[in-house]
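Coordinate analysis (summary)
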Amino acid sequence: GTTLFVYTRDRDYLFGVTMGVLAQLGLSILDARINSTRDDYTLDTYVVCDENGESITEEYQRYEVEQALIDAIADPAVQHIDVTRRASRRSRYFNVPTQIYFSEATERDCTIVEIITADRPGLLSEIGDVFRESGILLETAKIATIGERAEDIFFVTDHDHQPLRNRARLLQLRQTLTAELDKTGP
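So, a few notes on the structure that sits alongside this text. From a predicted model like this one, the values you see are computed outputs, not experimental measurements.

Inspection of the secondary structure puts Asp-44 in strand 3 (residues 41–49). Residue Asp-44 is classed as buried on the basis of its relative accessible area, which comes to 2%. Along the backbone, Asp-44 and Ile-127 are 83 residues apart, and their C-alpha atoms lie at a distance of 17 Å. Apart from residues no more than four positions distant in its own chain, Asp-44 is found in contact with Leu-4, Phe-5, Val-6, Arg-33, Ile-34 and Asn-35.

Below is the structure:
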């Protein structure tokens, strides 16, 4: 894959916007590390490949990715990207039931959300959209794709930068994520 670095002032829902842009460009995220700094910046590292599983080698492709990200990130009105790509026929045959686990990271003062589900175009953008709609902020993420299976870990907080401790809210988040991620598309 190709390693992509994003260093910018952090803002709400940046993760979902970035994931939407990359998915819409036909890129798959093989690995990602999302890190917010204490001074309101984010340093994100992504390993991406094109729809053929190849690195991005052409200069014009790199420029297209760079410009699309810059345009979306620079516009504070952009909080969501519609991803219109579909899953490949091959990936539709894999059945990976969604599993969601919560734990508290006391040393980081946030909640850990671990999601295991079937990988597909726009998956991370969908997760980012659920976080946005639920008023959840992403602090850090570790993204891994193993074949057709996504195993992603998110360190999240509420808008007051506090862990999610309300059981009803966590249950609702689990239900919303599961419903969204287990949708069967056309």
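Back to the write-up after that little detour.
With that out of the way, let us pick up the sheet that holds strand 1 (residues 2–9). Overall, antiparallel pairing links the seven strands, which are arranged 1-3-2-6-7-5-4 in an open sheet. Every interior strand has two partners, whereas the edge strands, strand 1 and strand 4 (99–105), have only one. For this sheet, the mean inter-axis angle between neighbouring strands, taken without regard to orientation, is 15°. Bridge analysis of strand 2 (residues 28–36) against strand 6 (residues 137–146) gives five bridges, and the strand direction is antiparallel.

We now examine the environment of Leu-14. Here Leu-14 is to be found in helix 1 (residues 14–24). What makes Leu-14 buried here is its relative accessible area of 4%.

What follows concerns unusual backbone geometry. Backbone geometry at Asp-109 places phi at a positive 55°, although glycine is not the residue there. Assignment of secondary structure puts Asp-109 in the loop between strand 4 and strand 5 (110–118). Despite not being glycine, His-161 has its phi angle at roughly 60°, a positive value.

Calculation notes
Residues numbered from 1 in each chain as written. Predicted model: local features only at pLDDT ≥ 70, side-chain atom pairs only at ≥ 80, totals over all residues. Heavy atoms only, no water. Helix = DSSP H or I, 4+ residues; strand = E, 2+ residues; numbered from the N terminus. Buried < 20%, exposed > 50% of the residue type's maximum accessible area, 1.4 Å probe, protein only. Contact = heavy atoms within 4.5 Å. Pairing = 2+ DSSP bridges. Axes fitted to C-alpha atoms, helices over the stretch in contact; angles between N-to-C directions.

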